[in-house]
Amino acid sequence: MTSYYVTTPIYYVNDAPHLGHAYTTVAADVLARWHRLRGERVWFLTGTDEHGQKILRTAEANGVGPQQWADRLVTESWQPLWDHLHITNDDFIRTTQRRHTDRVQEFVQDLYDKGDIYKGGYEGPYCVGCEEFKLPGELIDGEGEFAGQKLCPIHRTPVEILSEENYFFKLSEYGDRLLAHYEAHPDFIQPESARNEVVKFVRAGLQDLSISRSTFDWGVPVPWDAAHVIYVWVDALLNYATAVGYNENPEKFEDTFPADVHIIGRDILRFHAVIWPAMLMAQGLPLPGRIAANGWLLVGGEKMSKSNLTGIRPQDLTSHFGVDAYRWYFLRAIAFGQDGSFSWEDFTARYTSELANDYGNLASRVTAMVTRYFGGLLPAPTANGPAEDALHASLATTVTESDHRIGDDLDFQGGILTIFDFIRRINGYLTTQEPWKLAKDDSPEARARLATILYTAAESLRAMAILLTPIMPETSQKLWTSLGAEASLGPLADQRIRDAATWGKLPPSSTVTKGEVLFPRLEEKSGT
Ligand code: MSP
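Residues numbered from 1 in each chain as written. Predicted model: local features only at pLDDT ≥ 70, side-chain atom pairs only at ≥ 80, totals over all residues. Heavy atoms only, no water.

Peer 1: Hey, could you run me through the nonpolar core in this one?
Peer 2: Within soluble globular proteins, side chains that are nonpolar generally end up buried alongside one another. In terms of nonpolar packing, the biggest core is built from 178 residues, with Phe330, Tyr359 and Phe420 touching the most fellow members. Ranked by the residues each element gives to this core, the list is headed by helix 17 (residues 444-468), at 15 residues. Sequence-distant contacts of Phe330, defined by excluding residues within four places in its chain, comprise Leu19, Tyr23, Leu297, Leu317 and Phe342. In this structure, Cys130, Leu139, Cys152 and Val159 belong to the second largest nonpolar core, which totals five residues. (Core = buried A, V, L, I, M, F, W, Y, C linked by side-chain atoms within 4.5 Å. Buried < 20%, exposed > 50% of the residue type's maximum accessible area, 1.4 Å probe, protein only. Helix = DSSP H or I, 4+ residues; strand = E, 2+ residues; numbered from the N terminus. Contact = heavy atoms within 4.5 Å.)

Peer 1: So what exactly am I meant to see when it comes to the sheet that holds strand 11 (residues 212-213) here?
Peer 2: Note: strands within a sheet are paired through backbone hydrogen bonds, in either parallel or antiparallel orientation. The sheet built from three strands is open, its strands ordered 11-13-12 with antiparallel pairing. Across the chains shown, the open sheet's two edge strands, defined by having one partner strand only, are strand 11 and strand 12 (221-222). One ladder, built from two bridges, connects strand 11 with strand 13 (residues 225-230); its direction is antiparallel. Considered in strand 13, the bridge of Arg213 is made with Val229. (Pairing = 2+ DSSP bridges.)

Peer 1: What should I look at first to understand the pattern of salt bridges in this one?
Peer 2: Note on pairing: side chains with opposite charge can pair once their charged atoms come close. Taken as a whole and judged by the stated rule, the model has 33 salt bridges. When the shortest N-O distance is used, the salt bridge between Lys119 and Glu165 registers 3.5 Å. Residue Lys119 is found in strand 4 (residues 117-127), and its partner Glu165 is found in strand 8 (residues 160-169); the two are separated by 46 residues along the sequence. One salt-bridge network, held together by shared partners, links Arg38, Glu40, Asp403 and Asp408. (Salt bridge = Lys/Arg side-chain N within 4 Å of Asp/Glu carboxyl O.)

Peer 1: Sorry if this is basic, but what is going on with the packing of aromatic side chains here?
Peer 2: The description of two aromatic rings rests on the distance between their centres and on the angle between their planes. Tallied over the entire structure, the rule returns 35 aromatic pairs. It is Lys252 that lies over the ring of Trp43; its NZ or CZ is 3.2 Å from the centre. Its end group placed over the ring of Phe201, Arg270 keeps NZ or CZ at 3.9 Å from the ring centre. (Phe/Tyr/Trp six-rings, centres within 6.5 Å; stacked < 30°, edge-to-face > 60°. Lys NZ or Arg CZ within 6 Å of the ring centre and 35° of its normal.)

Peer 1: Sorry, what's going on with the pairing of strand 2 (residues 42-49) here?
Peer 2: The two faces of the sheet receive side chains in turn, since in a regular strand these alternate between them. By the criterion of burial, strand 2 is predominantly enclosed, with eight of the eight residues buried. Alignment of strand 1 (residues 4-12) against strand 2, held across seven bridges, turns out to be parallel. Following the sheet pairing, Tyr5 is matched in strand 2 by Trp43. Of the strand pairs in this sheet, strand 2 and strand 3 (residues 91-94) are connected by four bridges, and their pairing is parallel. By the bridge assignment, Thr46 is partnered in strand 3 with Phe92.

Peer 1: So what exactly am I meant to see when it comes to the environment of Ser476 here?
Peer 2: Considering the arrangement of structural elements, one finds Ser476 in helix 18 (residues 473-482). Distance from Ser476 to Ile466, taken between C-alpha atoms, is 7.1 Å for residues 10 residues apart in sequence. Once you skip the residues sitting within four places of it in the chain, Ser476 turns out to touch Asp324, Ala465, Leu468, Thr469 and Leu492.

Peer 1: I tried to follow the environment of Ser460 on my own but got confused; where do I start?
Peer 2: When you line up the elements, Ser460 lands in helix 17. Sequence separation of Ser460 and Ile211 is 249 residues, and the distance between their C-alpha atoms is 55 Å. Apart from residues lying up to four places away in sequence, Ser460 is in contact with Leu391, Phe422, Ile426 and Trp503.

Peer 1: Explain the sheet that holds strand 8 to me, please; I cannot follow it from the model alone.
Peer 2: Strand order in this open sheet of four strands is 5-4-8-10, and the pairing throughout is antiparallel. The sheet is open, and its two borders are formed by strand 5 (132-133) and strand 10 (209-210), each paired with just one other strand. Sheet topology note: the strand 4/strand 5 ladder contains two bridges and is antiparallel. Across the sheet, residue Cys127 finds its bridge partner in strand 5, namely Glu132.

Peer 1: Before we go on, may I ask you to explain helix 11 (residues 314-321) in this structure?
Peer 2: Residue pairs spaced three or four apart in an α-helix point in one direction, given the helix's 3.6 residues per turn. Buried within helix 11 we find Pro314, Leu317, Thr318, His320 and Phe321. The arc that holds every buried residue of helix 11, seen down its axis, measures 165°, which confines them to one face. Lining the buried residues of helix 11 we find helix 1 (19-37), helix 3 (66-84), helix 12 (323-333), strand 18 (340-342) and helix 13 (344-374). Immediately beyond the C-terminal end of helix 11, within one or two residues, lies Gly322, with a positive phi of roughly 95°. (Arc of directions from axis to C-beta.)

Peer 1: Could you clarify how one ought to interpret the side chain of Asp225 in this entry?
Peer 2: Relative to the helices and strands, Asp225 is located in strand 13. Judged by relative accessible area, which is 15%, Asp225 ranks as buried. Ignoring sequence-local partners within four residues, the contact set of Asp225 consists of Lys119 and Tyr167.

Peer 1: Can you help me understand the packing of helix 14 (residues 386-408) against helix 15 (residues 412-433) in this one?
Peer 2: Helices that pack against each other are described as a pair by the angle of their axes relative to one another and the distance between those axes. It is at 8 Å that the axes of helix 14 and helix 15 come closest, and there the two elements cross at 170°. The pairing of helix 14 with helix 15 is recorded here as roughly antiparallel in orientation. Regarding helix 14 and helix 15, the two cross each other, and that crossing is left-handed. Here Ala387, Glu388, Leu391, Ser394, Leu395, Thr398, Glu401, Ser402, Arg405 and Ile406 of helix 14 come into contact with helix 15, specifically with Phe412, Gly414, Gly415, Ile416, Thr418, Ile419, Phe422, Arg425, Tyr429 and Gln433. Its residues assigned to classes, the contact of helix 14 with helix 15 shows nine nonpolar, seven polar and four charged. (Axes fitted to C-alpha atoms, helices over the stretch in contact; angles between N-to-C directions. Parallel < 35°, antiparallel > 145°, perpendicular 65-115°, else oblique. Left-handed = near helix turned anticlockwise from the far one by under 90°. Nonpolar A, V, L, I, M, F, W, Y, C, P; charged D, E, K, R; others polar.)

Peer 1: Mind showing me how you'd approach the pairing of strand 8 here?
Peer 2: Pairing of strand 4 with strand 8 involves 10 bridges; the strand directions are antiparallel. Following the sheet pairing, Tyr118 is matched in strand 8 by Phe168. Where strand 8 lies against strand 10, two bridges are found, and the strand directions are antiparallel. Considered in strand 10, the bridge of Phe169 is made with Leu209.

Peer 1: Teacher, can you tell me more about helix 6 (residues 192-203) here?
Peer 2: Compared with the 16 Å implied by 1.5 Å per residue over 12 residues, the 16 Å span of helix 6 between its first and last C-alpha is a close match. For helix 6, the complete set of buried residues consists of Ala194, Arg195, Val198, Val199 and Val202. The buried residues of helix 6 occupy an angular sector of 135° when projected down its axis, which confines them to one face. The exposed set on the far side of helix 6, more than 90 degrees from its buried face, consists of Glu192, Lys200 and Arg203. Against the buried residues of helix 6 lie helix 5 (175-184), strand 9 (189-190) and helix 10 (269-283). (Expected span 1.5 Å × (residues − 1).)

Any functional reading would require information that these geometric values do not contain.
So this is what it looks like as C-alpha cells:
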C-alpha cells in the first residue's frame, strides 16, 4: 500500500502565521494523525512559499534581502508555531531550496520542449496580494480613497495593470479534460459548493496562463530565458511533487505522489482544482485524490483576510486555553468547508461545558473513585448487565462513525460531536448507576456492581483517549497514563482506531492514578 499523503498550502512568508493559517494546518495534522492511528503509512507535508513580488516588496520594506527575510520568518515565526501546536509534519519544504528550484526548472523545461508553453504578451490586472492575474470582470469598483480604481475582491486594494512579455501555458486546452475529471470523480473537489464554483468557472472557458514574470527577479529563473522568473504559483504548486522526490527519487515519488488530500482555503481553490491538475495532465502525471477547501475564519463576524488581520495571535489563545483546546475548538465549532466565527465568549463557553465539565470532570471522577474505592487498582467487571451492554454497543458505533467522518469525510465537527456524544453517555451511565451510593454498601453484590461500573467507565475512557489523540494529543496522553494504559497496553501512538471499541482491553489490576486536571478552570479574561 502506498503512503497516505496529505498537504497544507505552503504559506507566504510575508508575515507571521495567524489563526487562519493555523486552522488549515491543524486540520491537516488531525487528518494525518488519524490515518496514522489507522495503522497507515502517512506522509504529511507543509512548508513555505518564498518567491514572488509580494515577498520581495515586504523584504524591501523591511530593509533586508528576500532570502534573509524568508529565513527569519521561517525560523522565528512559522516553524516555532507549528512546533508549539504539535504539528507532526514529516517534511517542511521551502520553495527557495535547491531540491525544489532545480526540479521546478526541469518541469517547466519539459513542458516547453513539448510545446505546451509559448511566448506572448500579457496586458491586464494583477493583484500582488493574491499573486494572481485577474479577469477584469472579477474586480470591484473602489470607493473613498480608492475611488475610480479597480480593486481586488479579496484584498480590497487596487490591482496593478501589467504589460509584460511573458511565457504562457496552454491552459485553455485542458477545459474539457478537467470537466471530464470532475464528472468522473465527484469527490475530487469538496465541499459541493466549491466543486460547483470550479465547474462553473471552467465551463465559462479557460484562458492560457501566464507562467513567467519579467519585471522583477525574485523567483526561479526560466531555464531557457534568464530574463524571466517562473510565475510564483507554478513554482509553489510544484512543491507537492518536488518535496516527495519528483525527478529525483523515483521510489519515494511512486510511494507518495499524488496527494490523497490537498487541504486548502477557499481563496486558492482555482489554483488547486484547475491549474494544478492541468499542469499534471500536461506531464502525464496522476491527479490528487481530493482538493478539500476549508471555509474562511471570521473573527467577531469580521472577515479576517490576509490584509485585514484582527491582531489575535494563535499564541494568545493557546496561552489562555491550552494547545489541546485550541486544536479542538476550531474543528469543533465550525463545520469544515463553511465559514465560521471565532469569539472569546464562544470558545470560553464550549471549553467550560464540553472540555472541562463533560470530559475533564468525567476523567477525574472515574480515576478518583478507582483510587478511593479500590486503592488505585482497576477492579474486574464481574456483574455486567444491560446498562453495560448498551454502552459497549454504543462505543462500537462511536468508533465506526467517528472514523468514517474524520478519516474519510474530513467532517471533523461531525466526528468530534460523535465522540462527545459518547462522553455524555458515560456521564449519563454514572449518573444512573450512582457508584458513590454503592460504595457505602459492603455487601459482595454491591462491591461487584461498583467494580463493574468503574471498570466500564475506565474502559470507555480508554477508548476516548485513543479517539481524541489526533485532536488533543497532550490531554489524551495524560488520561492514558492515569488509566494505567501506558504500562499495560503500550504507547498511545501504537494503538489502532479499529481496535478502540474492542471491549476489555484494559487489564483488571492496572494501576490507576488520579492524574492532573485535564482542562483547568479558565482564568478570568474579558472578551474582545
Ligand atoms: N502561498 C499560497 C499558497 C500556495 S499552495 C501551493 C498562499 N499562502 S497564504 O499564506 O496566503 O495562505 C493561504 C491559506 O491560509 C489559505 O488557503 C487557507 O488555507 C489559510 N488561511 C488564511 N487565512 C484564512 C482564514 N481567515 N480562514 C481560513 N483559512 C485561512 O495562498
